[in-house]
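Now for the letters of each chain:
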Amino acid sequence: MQGVLHVLSNRDLIQLDEKHIKTLLLTLLYQFPIYFIHSEREMDKKYPDVLLLERSPFAVKHQHLIELKYAKKSDGAAGWAAKQQEGITQVQGYLQLPTIAALPKLSAWLMLTDSERVEIQRIRLK
């Protein structure tokens, strides 16, 4: 993802937001047929950004829930930290939902970016 973001010009980054980041991520993920890829799938009336669910006949070690957050560079370190905490709280909430808690081999992730740097953090239920 970071490599793709670095290819974009400053004109491409104008009004970049979370939806654009998700579109880029989904484009990258669709190259690999081992998962069913769901964007904003309804799970107990909540909508995780991306779910990667096992796709037969492929056996995977983990299924994945990915929450994306975009921090504006102009908001600085405080904005980055706020988006990070927001994402962690959101993922921990998802992990408590019955349909998500029932998913076997689930790993949950927060992907935070400001279009320049990308940070991936594994989130566990408290």
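The structure we're discussing is the one just above.
1. Some words on the overall build of the protein
When helices and strands are counted, the protein shows four helices and five strands. In the protein, the succession of helices and strands from N to C terminus is α-α-β-β-β-α-α-β-β. A globule of 126 residues ought to have a C-alpha radius of gyration of about 14 Å, and the protein, at 15 Å, matches this closely. Projected onto its principal axes, the C-alpha coordinates of the protein cover approximately 40 × 30 × 25 Å. Per-residue burial over the protein gives 37% buried out of 126 residues. Considering only residue pairs separated by 6 or more positions, the protein has 55% of its internal contacts joining residues 24 or more positions apart. With 17 positive and 14 negative side-chain charges, the protein shows a separation of 4 Å between the mean positions of the two kinds.

2. Structural notes on helix α2 (residues 18–29)
Compared with an ideal rise of 1.5 Å per residue, which puts 12 residues at 16 Å, α2 spans 16 Å between its outermost C-alpha atoms and is within 8% of the ideal. Along α2, the positions that sit buried rather than exposed are I21, K22, L25, L26 and L29. On an axial view of α2, the arc spanned by its buried residues comes to 135 degrees, and they lie on one face. Residues of α2 that are buried in the fold lie against α1 (2–7), β1 (35–39), β2 (50–54), β3 (63–70) and β4 (106–113). For α2, the N-terminal cap is D17; the gap from its side-chain oxygen to the backbone nitrogen of K19 is 3.1 Å.

3. What about the packing of aromatic side chains?
Counted under the stated rule, the structure contains zero aromatic pairs. Taking the ring centre of W80 as reference, the NZ or CZ of R117 above it sits at 3.5 Å.

4. As for the side chain of T113
Mapped onto the secondary structure, T113 falls in strand β4. Classification of T113 by relative accessible area gives buried; the value is 0%. Within the structure, T113 has its side chain in polar contact with the backbone oxygen of R117 (distance 2.7 Å). Dropping the residues within four chain positions of it, T113 is found in contact with L5, I21, K69, Y70, A71, W80 and V118.

5. Points about the side chain of Q63
Considering the arrangement of structural elements, one finds Q63 in strand β3. Within the structure, Q63 has its side chain in polar contact with the backbone nitrogen of E54 (distance 2.7 Å). With residues near it in sequence (within four places) discarded, Q63 still touches Y35, L52, L53, E54, L103, P104, K105, L106 and S107.

Rules behind the numbers
- Each chain has its residues counted from 1, following the order in which its sequence is written.
- Only residues with pLDDT of 70 or above have their local features reported here, since the model is predicted, and side-chain atom pairs are shown and tallied only from 80 upward, although totals for entire chains, interfaces and linings are computed over all residues.
- Side-chain metrics in this entry use all non-hydrogen atoms of the structure; hydrogen atoms and water are not considered.
- Only DSSP runs of H or I covering at least 4 residues are called helices, and only runs of E covering at least 2 are called strands; the numbering of each starts at the N terminus.
- Two things to know: the radius of gyration comes from C-alpha atoms, and the globule rule equals 2.2 Å times the number of residues to the power 0.38.
- Whether a residue is buried, partly exposed or exposed follows from its accessible area with a 1.4 Å probe, protein chains only, as a fraction of its type maximum: under 20%, in between, or over 50%, in that order.
- Should any heavy atoms of two residues lie within 4.5 Å, those residues are counted as being in contact.
- His is not counted, nor are the chain ends; Lys and Arg add positive charge and Asp and Glu add negative charge.
- A charge is said to be at NZ when it belongs to Lys, at CZ for Arg, at CG for Asp and at CD for Glu.
- The span expected for a helix works out to 1.5 Å for each residue beyond the first.
- Comment: arc refers to directions from the helix axis out to C-beta atoms.
- In protein, a polar contact requires one atom able to donate a hydrogen and another able to accept it; more generally it is a pair of N or O atoms within 3.5 Å, and residues adjacent in sequence count only if both atoms are side-chain atoms.
- Only centres within 6.5 Å qualify two rings of Phe, Tyr or Trp (six-membered ring in Trp) as a pair; their planes then separate them into stacked at under 30 degrees, edge-to-face at over 60, and tilted for everything else.
- Think of it as a cone above the ring: NZ of Lys or CZ of Arg counts as a charge over the ring if it is within 6 Å of the ring centre and within 35 degrees of the ring normal.

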